[in-house]
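The lines below spell out each chain.
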Amino acid sequence: MNAKNASAKKSASQAVVTFVDTPNKRSFEFPIIKGTIGPDVIDVRKLYAETGYFTYDPGYTSTGSCESQITYIDGDEGILLYRGYPIEDLAEHSTFMDVCYLLLYGELPTQEQHAKFEHDITYHTMLNEQINYFFRGFRRDSHPMAIMCGVVGALSAFYHDSTDITNPRHRMVASYRLIAKMPTIAAMAYKYSQGQPFIYPRNDLGFSENFLHMMFATPCETYDINPVLSQAMRRIFILHADHEQNASTSTVRLAGSSGANPYACIAAGIASLWGPAHGGANEAVLNMLGEIGSTNRIKEYVDKAKDPKDAFRLMGFGHRVYKSYDPRAKVLQAECHKVLKELGITDEPLLDLAMELEQIALSEPYFIEKKLYPNVDFYSGIILRAMGVPTSMFTALFALARTVGWVAQWNEMIEDPTQKIGRPRQLFTGEPERKYVPLDRRK
Ligand code: ACO
């Protein structure tokens, strides 16, 4: 599934950086590798062998963990490109299937390729019927993300024919299955928590429409799909489809680097996404807006966020990479207004609260100095809530949209001839070797 665009390859430049080890009066040179855009990297792969030093970068703030041709972010300018295409253009014009194909194969599909891909994904949406019984082992009030971690991890027990990661055909089948089945699993997790029967996928519907159908239809009643809502769902899926080497994607790559099967790797990605500092933030934003309750309490919460002694943070604000407005948040802010208008919601206190909070936070020196802007999670929750999606499902939707990014990155990693098991080292600050003391002599 390599990108066809060979011109977009890295080039090792002649440039080097010199590392001077003053205490030992030695100096070393390390090559600089240039990408097509974005910061160049210092190739430190031989650093330890040549110098005896490791690099130290907890949280990987200055570390490029891999070479990739999939997604590019310019955090200062607020630019996000999938395979070179701006996210705004894809959100405006593309189908989600277009974007999935683009992320997986590196090029937008022709009409014929699009039709085949959509057909292949559609005809993988149903789950093995035995998986229904697996669901029944969960408590009825389980969080959908807990169910997603478990069920997706368990897929490897149901689909043995696609777990040989050295076989490109197996990898392709597993990738299609994951993209296709994730909406079914997410909707089933919701239905299970509601005590409602599972709704099977319908092959006459598009990806977003099918998800809405599986979420909201019941055996007693069809769900009339509003095109404005399915359009918003399509945009949410596209905006969340990939985001280069974020925590969950890095988790998928790290899990996969040991040769683990794809279903286990994606389950690991789901677990990482769940955290409130990552995908769990969309749920946390709504909980926070609910807690703030009214506009006259905004100042109190902004002050709490600014207080270094208070652990509270404004959820949906700040990003490791974006130091300007997250381009995905801009698209979603506009989408939010469209959805509320379509649904005739003229008075949505949470939206009013969110917009005022955004204005106040953006004019506060604390947020300006630290370059904290709304991120993708700030508006997505309000849209989803207006559509009738419960808060506990927000991160599950994020996971289903991000699955294509995870599998694209996982495939790219396996096809990379330089790929090795991911194995960071550490700065050890514990006890050096000491003598064992038997229990009866310990004080
Ligand atoms: N509210 C208040 N202060 C904040 C916030 C916030 N939301 N985010 C960062 N800060 C402050 C920190 O306290 C820190 O201040 P300091 O330098 O005085 O210690 C400074 O800004 C830098 O923050 P870090 O945590 O060092 O930045 P990092 O890049 O590690 O974290 C993160 C990024 C996790 C997204 C952070 O901004 C955050 O917790 N935001 C809220 C949660 C959220 O919305 N997550 C969703 C991210 S998008 C996604 O994953 C899809």
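No experiment lies behind these values; they were computed from the predicted model shown.

> Before we go on, may I ask you to explain the sheet that holds strand S4 (residues 71–74) in this structure?
Think of a sheet as strands paired side by side through backbone hydrogen bonds, with each pair either parallel or antiparallel. The 3 strands are arranged S4-S5-S6 in an open sheet whose pairing can be described as antiparallel. Every interior strand has two partners, whereas the edge strands, S4 and strand S6 (85–86), have only one. As judged from the 2 bridges shared by strand S5 (residues 79–82) and S6, these two strands associate in the antiparallel manner. When the bridges of S6 are listed, Tyr82 appears paired with Tyr85.

> Help me out: how do you make sense of the site of the ligand in this one?
Neighbouring the ligand are 20 residues, the closest being Arg313, Leu314, Gly316, Arg320 and Lys370. Here Phe317 contributes a backbone N or O atom positioned 2.9 Å from a nitrogen atom of the ligand. Across the shell around the ligand, the residue classes tally to 11 nonpolar, 5 polar and 4 charged.

> For this particular structure, what's the right way to read the packing of helix H12 (residues 281–292) against helix H18 (residues 394–415)?
Where H12 contacts H18, the two axes come as close as 7 Å, and the packing angle between them is 155°. When the interaxial angle is binned, H12 and H18 end up roughly antiparallel. H12 and H18 meet at a crossing whose hand is right-handed. Contacts from Asn282, Glu283 and Leu286 of H12 reach H18 at Phe394, Thr395 and Phe398. Residue classes in the contact of H12 with H18 are distributed as 3 nonpolar, 2 polar and 1 charged.

> Sorry if this is basic, but what is going on with the packing of helix H10 (residues 247–257) against helix H11 (residues 262–273) here?
Where H10 meets H11, the closest approach of the two axes is 8 Å, and the angle between their N-to-C directions is 150°. Comparing their axes, H11 and H10 come out roughly antiparallel. Once H10 is placed against H11, the crossing between them reads as right-handed. Note on element contacts: H11 touches H10 through Cys265, Ile266, Ala268, Gly269, Ser272 and Leu273, opposite Ala247, Ser248, Thr251, Val252, Ala255 and Gly256. Considering only residue class, the contact of H10 with H11 consists of 7 nonpolar, 5 polar and no charged.

> Looking at this model, I keep getting lost on the pattern of salt bridges. Mind explaining?
Close approach of charged atoms lets side chains of opposite charge pair. For the structure shown, the criterion picks out 19 salt bridges. The partner of Asp120 in a salt bridge is Lys116, and the shortest N-O contact between them spans 2.7 Å. Residue Asp120 and its partner Lys116 are both found in helix H4 (residues 111–122); the two are separated by 4 residues, about one turn of the helix. Looking at Asp120, the relative accessible area reads 18%, which means it is buried. The exposed category is assigned to Lys116, whose relative accessible area is 53%. The closest approach of N and O atoms between Asp310 and Lys304, which form a salt bridge, is 3.2 Å. Salt bridges sharing partners connect three or more residues here, namely Glu92, Arg235, Glu335 and Lys338.

> Help me out: how do you make sense of the environment of Asn210 in this one?
Turning to its location among the elements, Asn210 is positioned in helix H8 (residues 207–216). Separated by 46 residues in the primary sequence, Asn210 and Asp164 place their C-alpha atoms 30 Å from one another. Not counting chain neighbours up to four residues away, the residues in contact with Asn210 comprise Thr125, Pro201, Arg202 and Leu205.

Cut-off values and rules
- Residues numbered from 1 in each chain as written.
- Predicted model: local features only at pLDDT ≥ 70, side-chain atom pairs only at ≥ 80, totals over all residues.
- Heavy atoms only, no water.
- Pairing = 2+ DSSP bridges.
- Helix = DSSP H or I, 4+ residues; strand = E, 2+ residues; numbered from the N terminus.
- Near = heavy atom within 4 Å.
- Polar contact = N/O pair within 3.5 Å; in protein donor to acceptor, adjacent residues only side chain to side chain.
- Nonpolar A, V, L, I, M, F, W, Y, C, P; charged D, E, K, R; others polar.
- Axes fitted to C-alpha atoms, helices over the stretch in contact; angles between N-to-C directions.
- Parallel < 35°, antiparallel > 145°, perpendicular 65-115°, else oblique.
- Left-handed = near helix turned anticlockwise from the far one by under 90°.
- Contact = heavy atoms within 4.5 Å.
- Salt bridge = Lys/Arg side-chain N within 4 Å of Asp/Glu carboxyl O.
- Buried < 20%, exposed > 50% of the residue type's maximum accessible area, 1.4 Å probe, protein only.

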